Amino acid sequence: MDTVSSSFFIPRKEQGYSDIFKRVRMMPLYSFPHYKDLKPHINHEKNRFFIHLDFDAFYAQVEQRDNPSLRGKPVSVGSTTGEKGIVMTASYEARALGIDTAMSLWQAKKICPKLISVPCYGPKYEGIMQNLIRGLRCFVPEDCIEMYSIDECFIDVTPVVRDFGQAKELAMAIKQKVSDLEDLTCSLGVSWNKTYTKMATKFEKPDGLTVITPADRHRIYELPVKKMWGIGTRISRRLGVMNIFTIGELASASELALCREFGVNGTVFRRLARGEDTSGIIHTRGREKSLNHHHTLTHNVWKYEDIESEIRRITEYICRKLRSKELVTRSLYLVIRYDNLRYAGDDTKLDTATNDDREIFKAAMNIFVKFPRPCESLKARMFGMTVFDLHEDLHRYTPSLFGNNVRLPYYELDKLKYKYGEGIIRVGLNAG
Ligand code: TTP
Ligand code: MG
Ligand code: MG
């Protein structure tokens, strides 16, 4: 069968790397402090301790860990072929030669012909982060951990430390834990507010640990404004026009002038620069009301087995996503878009809440049979699935006594996939 499609995390022959790239780039700044998070009456420098953790050259380091022949060599992760290929990240050996994130592969190869480019494998990286978050629960309650991006998290250690000395010790223990759990290096920043921790992490990359106490504030003040969390090229250019080039200059700039230029964000920038970020951990867990996955094919399909295979693919993705959040769903929506650009979509309620691939696949196929049947003159070009009515997976640790007693060890299978790749094992969804 030679229908080719690209799916973010379930690779076939050709993976849509640049899609993953866009996806990660477009990741929202979940927890960038908002004006209402800044509370001037809080004594922000006192008794608050945060740690920020960021993996070093994340995707590249993982690939080097998993393939010893890549260690010590210039490696880029992203697409391995094609003209549109892009470097999602590069190993430190490659960075030393001038290769950087977002560079085109073509350009990177020109700079370093010996560059080894390897494909990106999303679920593996997601799994590592989730495993880390679980591991961190031995230091702080889960409520104190905020996963910020695919390779970063903030940890509020206020409940468990009394001073910067203890915060540093805890940060070292966390570093050790990361090494024991995943055999990877990361860099950590410790400070009394989230904004400073995020900047501190970058000071001693890779494998670094930087503590910024109120007395070390000058180290932050010396940085160019562009290094501040939330400030990109455009804002830094506008600040430049106001003669503000460093974070220290931003911290002491006139609030009025900043507000005139940036509105309420002017106040936010100034306070963040001054270390007055009083925002806390933001929880994303448990908030999901629905999950969805849409996938547009590069080659439209119409044969029943191809359609079935695409629906299976999105089912597997959605179910794994559900399990990674320890959720089950009671409702399912399936949508198909045809090559005449029309849609067909419908939902169904499941008998019991589940995250079992086979049950959801069966329900999805029951929806599909009600749609206009694709044929050579009406091919399908997009498949999408949404699950809603989500609940916590209470059977995660206690297998159901009454229900389906052939429940497959999906969580364990997911772990294998995270570790060794999608191809290592697949469940026959038609079974049972
Ligand atoms: P980063 O933490 O920004 O980068 P990094 O871990 O590769 O390197 P550093 O040591 O400087 O922290 O991003 C984490 C991963 O996210 C990175 O390995 C690749 C991916 N990524 C993208 O896909 N697109 C992007 O634009 C960026 C910045 C990262
Ligand atoms: Mg990183
Ligand atoms: Mg990062």
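Everything that follows concerns the structure shown earlier in this document.
Residues numbered from 1 in each chain as written. Chains lettered and ligands numbered in written order. Predicted model: local features only at pLDDT ≥ 70, side-chain atom pairs only at ≥ 80, totals over all residues.

*Asks:* Can you help me understand the sheet that holds strand 4 (residues 116-118) in this one?
*Replies:* Hydrogen bonding along the main chain pairs the strands of a sheet, whether they run parallel or antiparallel. What the three strands build is an open sheet, ordered 3-2-4; its pairing is mixed. Taken across any chain shown, the strands that pair with only one partner, and hence form the sheet edges, are strand 3 (87-90) and strand 4. On average, each strand axis in the sheet is inclined to that of its neighbour by 30 degrees, with strand direction left out of account. Summarising the sheet, strand 2 (residues 75-78) and strand 4 pair through three bridges and their orientation is parallel. Each bridged residue has a counterpart across the sheet, and for Val-75 the counterpart in strand 4 is Ile-116. (Pairing = 2+ DSSP bridges. Helix = DSSP H or I, 4+ residues; strand = E, 2+ residues; numbered from the N terminus. Axes fitted to C-alpha atoms, helices over the stretch in contact; angles between N-to-C directions.)

*Asks:* Can you help me understand the packing of helix 5 (residues 122-136) against helix 15 (residues 410-420) in this one?
*Replies:* With their axes 7 Å apart at the nearest point, helix 5 and helix 15 run at an angle of 115 degrees to one another. Between helix 5 and helix 15, the angle is such that the two are roughly perpendicular. When you trace helix 5 past helix 15, the crossing you get is left-handed. On the side of helix 5, the interface is formed by Pro-123, Lys-124 and Gly-127, while helix 15 contributes Lys-417, Tyr-418 and Lys-419. When the residues that make up the contact of helix 5 with helix 15 are grouped by side-chain class, the tally is two nonpolar, one polar and three charged. (Parallel < 35°, antiparallel > 145°, perpendicular 65-115°, else oblique. Left-handed = near helix turned anticlockwise from the far one by under 90°. Contact = placed C-beta atoms within 7 Å. Nonpolar A, V, L, I, M, F, W, Y, C, P; charged D, E, K, R; others polar.)

*Asks:* Looking at this structure, how should I read the environment of Leu-322?
*Replies:* Topologically, Leu-322 is positioned in helix 13 (residues 304-324). Exposure remark for Leu-322: the 24 C-beta atoms within 10 Å place this residue in the buried category. Beyond its immediate sequence surroundings of up to four residues, Leu-322 is in contact with Leu-291, Leu-327, Val-328, Thr-329, Asn-355 and Val-387. (Buried ≥ 20, exposed ≤ 12 C-beta atoms within 10 Å, placed from the backbone.)

*Asks:* Sorry if this is basic, but what is going on with the sheet that holds strand 5 (residues 145-149) here?
*Replies:* Spatially, the five strands line up as an open sheet ordered 5-6-1-7-8, and their pairing is mixed. Each of the sheet's edge strands pairs with one partner strand only, and the pair in question is strand 5 and strand 8 (209-211). Averaged over all pairs of adjacent strands, the angle between their axes in this sheet comes to 15 degrees, without regard to strand direction. When strand 7 (residues 186-191) meets strand 8, the two strands line up parallel, connected through three bridges. Counted as the bridge partner of Gly-189 is Thr-210 from strand 8. Helix 5 rests against strand 5 and strand 6 (152-156) of the sheet, and its axis sits at about 160 degrees to strand 5.

*Asks:* Sorry if this is basic, but what is going on with helix 2 (residues 58-66) here?
*Replies:* Residues spaced three or four apart along an α-helix point in a common direction, a consequence of the helix completing one turn every 3.6 residues. In terms of residue burial, helix 2 counts as a mostly covered element, since seven of its nine residues are buried. Every buried residue belonging to helix 2 is among Phe-58, Tyr-59, Ala-60, Gln-61, Val-62, Glu-63 and Gln-64, and all of these are buried. Looking at the buried positions of helix 2, the neighbouring elements they touch are strand 1 (50-55), strand 2, strand 3, strand 4 and helix 5.

*Asks:* Just checking my understanding: could you explain the nonpolar core for this structure?
*Replies:* Inside soluble globular proteins, nonpolar side chains tend to come together where they are buried. Grouped together as the largest cluster of nonpolar side chains are 67 residues, with contacts concentrated most on Ile-51, Ile-155 and Val-157. Counting contributing residues per domain, this core is built from domain 1 (29-57 + 123-236) and domain 2 (59-120), each supplying no fewer than three. In this view, Ile-155 contacts Phe-50, Ile-51, Leu-53, Leu-136, Val-140, Cys-144 and Ile-145; residues no more than four positions away in its chain are not counted. Judged by nonpolar contacts, the second largest core, of 26 residues, contains Val-301, Ile-311, Ala-353 and Phe-383. (Core = buried A, V, L, I, M, F, W, Y, C linked by C-beta atoms within 7 Å. Domains from an automatic or database assignment.)

*Asks:* Got a minute to help me understand the pairing of strand 6 in this structure?
*Replies:* On a regular strand, each side chain points to the face opposite its neighbour's, so the side chains alternate between the two faces of the sheet. Two strands pair when backbone bridges link them, and strand 1 and strand 6 are joined in this way by five bridges, in the antiparallel orientation. Its bridge partner being in strand 6, Ile-51 is matched across the sheet by Ile-155. Relative to strand 6, strand 5 is paired through four bridges, and the arrangement is antiparallel. Its bridge partner being in strand 6, Ile-145 is matched across the sheet by Ile-155. Connecting strand 5 to the next strand, strand 6, in antiparallel fashion are two residues.

*Asks:* Which parts of the structure should I look at to understand helix 13?
*Replies:* Taking 1.5 Å of rise per residue, the 21 residues of helix 13 would be expected to cover 30 Å, and the 30 Å separating its terminal C-alpha atoms lies within 8% of that figure. Looking one or two residues beyond helix 13, the residue adopting positive phi is Glu-326, at roughly 50 degrees. (Expected span 1.5 Å × (residues − 1).)

*Asks:* Looking at this structure, I do not really get the environment of Met-88. What am I missing?
*Replies:* Mapped onto the elements, Met-88 comes out in strand 3. Considered as a pair, Met-88 and Val-77 are eleven residues apart in the sequence and their alpha carbons are 5.6 Å apart.

*Asks:* So what exactly am I meant to see when it comes to the packing of helix 13 against helix 14 (residues 357-368) here?
*Replies:* A packed helix pair is summarised by two numbers, namely the angle formed by the two axes and the spacing between the axes. Axis separation between helix 13 and helix 14 bottoms out at 9 Å; the angle between their running directions is 135 degrees. In terms of axis orientation, helix 13 runs oblique to helix 14. In the packing of helix 13 onto helix 14, the handedness of the crossing is right-handed. Counting all contacts with helix 13, which are made through Ile-311, Arg-312, Thr-315, Glu-316, Ile-318 and Cys-319, the residues of helix 14 involved are Asp-357, Ile-360, Phe-361, Ala-364, Met-365 and Phe-368. Per-class residue counts for the contact of helix 13 with helix 14 are eight nonpolar, one polar and three charged.

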